[in-house]
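Residue strings, one per chain:
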Amino acid sequence: MIIIPAVLGANAAEVKEKLSKVVGHTEWVHIDVVDGKFAEPESWHAPLDLWEIIGIPKVELHLMVADPIAAIPEWVNSPIDRILFHMESNGDKRALIEKIKKYKMEPGLVLKLETDIGAVDPYLREVNVIQLMSIAQIGAYGAPFDDRVLAKVKALRQKWPNGTIGIDGGVSKENIGQLRDVGVTQCAVGSAVFGGEDIASAIQHLGGVSISSNV
């Protein structure tokens, strides 16, 4: 299981500061973009020159936006490796997947907690990651983990045995073992990584593993 620091910021300076803190400690970083419409509160959501950050890891962008197909072209010149967009957002999902691939990035789907897992069935062969939200309200750090997601992971793992399944929201050392046991592949982690002063220590001790090693 891979633990990926989740970066959420109100402005570009805050995003860059958090990114700089995880350089050298992770293979991937997860950046949340919230438009204030699809989810609240509104975050920084304009492209920035991520190339300025020396040693930046691979980047997956989590678009919590109402119209992702309009937002995607803005990121073409940034070092984005993967774009995750919501099943609940507007637009033709297959067209979104094709647009992301056109720009040489990996596509991934995200489902809110209440969205039925069957919604992803038509796209299982077309995406690299499916991320399940494990909190009831998306868009901010600190929301409590909702264990209803465990049954969803089990159901998805049965139909997608070799796929990359991600979890986002409320991940901690108390629940990471459960997530591993039901088949989660990667976890986006915000508060448990950035909540203290020693980022490297938080990463290393989350679940007793290194950020980029197996749980």
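The notes below deal with the structure included here.

Rules of the game
- Residues numbered from 1 in each chain as written.
- Predicted model: local features only at pLDDT ≥ 70, side-chain atom pairs only at ≥ 80, totals over all residues.
- Heavy atoms only, no water.
- Helix = DSSP H or I, 4+ residues; strand = E, 2+ residues; numbered from the N terminus.
- Rg over C-alpha atoms; globule rule 2.2 N^0.38 Å.
- Buried < 20%, exposed > 50% of the residue type's maximum accessible area, 1.4 Å probe, protein only.
- Contact = heavy atoms within 4.5 Å.
- Areas by Shrake-Rupley, 256 points an atom, 1.4 Å probe, with all protein chains shown as cover.
- 1 Å grid on protein atoms, 1.4 Å probe; cavity = no way out; pocket = protein on both sides within 12 Å on 5 of 7 lines; lining within 4 Å.
- Points joined across faces, edges and corners; volume = space filled by probe spheres on them.
- Nonpolar A, V, L, I, M, F, W, Y, C, P; charged D, E, K, R; others polar.
- Phe/Tyr/Trp six-rings, centres within 6.5 Å; stacked < 30°, edge-to-face > 60°.
- Lys NZ or Arg CZ within 6 Å of the ring centre and 35° of its normal.
- Core = buried A, V, L, I, M, F, W, Y, C linked by side-chain atoms within 4.5 Å.
- Salt bridge = Lys/Arg side-chain N within 4 Å of Asp/Glu carboxyl O.

1. What about the overall build of the protein?
A count of helical and extended segments in the protein gives seven helices and eight strands. Computed over C-alpha atoms, the radius of gyration of the protein comes to 16 Å, within 12% of the 17 Å expected from 2.2 N^0.38 for 215 residues, which places it in the range of a compact globule. Dimensions of the protein, computed from the C-alpha atoms along their principal axes, are close to 40 × 40 × 30 Å. Counting all 215 residues of the protein, 53% fall into the buried class. Of the contacts formed within the protein by residues at least 6 apart in sequence, a portion of 64% connects residues at least 24 apart. On the protein, roughly 9500 Å² of surface is accessible, and the fraction owed to carbon and sulfur atoms is 47%.

2. Concerning the layout of surface pockets
Its boundaries defined by the atoms lining it, the largest pocket holds a volume of some 240 Å³. In terms of lining, the largest pocket is formed by 20 residues, of which the most central are A140, Y141, D168, G169 and G170. Each pocket or cavity is described by its volume, and for the second largest pocket that value is around 170 Å³. Each residue belonging to the lining of the second largest pocket can be placed in one class, and the counts come to seven nonpolar, one polar and four charged.

3. Section: the packing of aromatic side chains
Any two aromatic rings considered together are summarised by their centre-to-centre distance and by the angle between their planes. Under the defined criterion, the tally for this structure stands at one aromatic pair. Here W44 and W75 contribute two aromatic rings whose centre-to-centre distance is 5.7 Å and whose plane-to-plane angle is 85 degrees, an arrangement assigned as edge-to-face. Taken together, the residues W44 in the loop between β2 (28–34) and β3 (58–64) and W75 in the loop between α2 (68–71) and β4 (82–86) connect sequence positions 31 residues apart. Pair check on accessibility: W44 and W75 agree, each one buried. Above the face of the F194 ring, K18 is positioned so that its terminal group lies 5.7 Å from the ring centre. Note that K112 overlies the ring of F38, its terminal NZ or CZ placed 4.5 Å from the centroid.

4. Things to note about the nonpolar core
With 56 residues, the main nonpolar core has L19, I130, L132, L156, I167 and C187 as its most contacted residues. Sort the elements by how many residues they give to this core and helix α4 (residues 149–159) lands first, with four residues. Those residues in contact with I130 that sit more than four places away from it in its chain are L109, L111, V120, L124, L156, W160, T164, I165 and G166. In terms of nonpolar packing, the next biggest core, distinct from the first, is built from eleven residues, F38, A39, L84 and I135 among them.

5. Considerations on the environment of V193
Structurally, V193 is set in helix α6 (residues 191–194). Setting aside residues up to four positions removed in sequence, V193 forms contacts with P5, I199, A202 and I203.

6. Notes on the environment of F194
Tracing the sequence through the fold places F194 in helix α6. The class for F194 is buried, based on a relative accessible area of 14%. With 173 residues separating them in the primary sequence, F194 and K21 have C-alpha atoms 9.0 Å apart.

7. Remarks on the pattern of salt bridges
Inspection of every chain in the model, using the stated rule, returns eight salt bridges. Across the pair R180 and D181 runs a salt bridge, and its minimum N-O distance is 3.0 Å. For R180, a relative accessible area of 39% puts it in the partly exposed group. Where salt bridges share partners, they join E60, R82 and E106 into one cluster.

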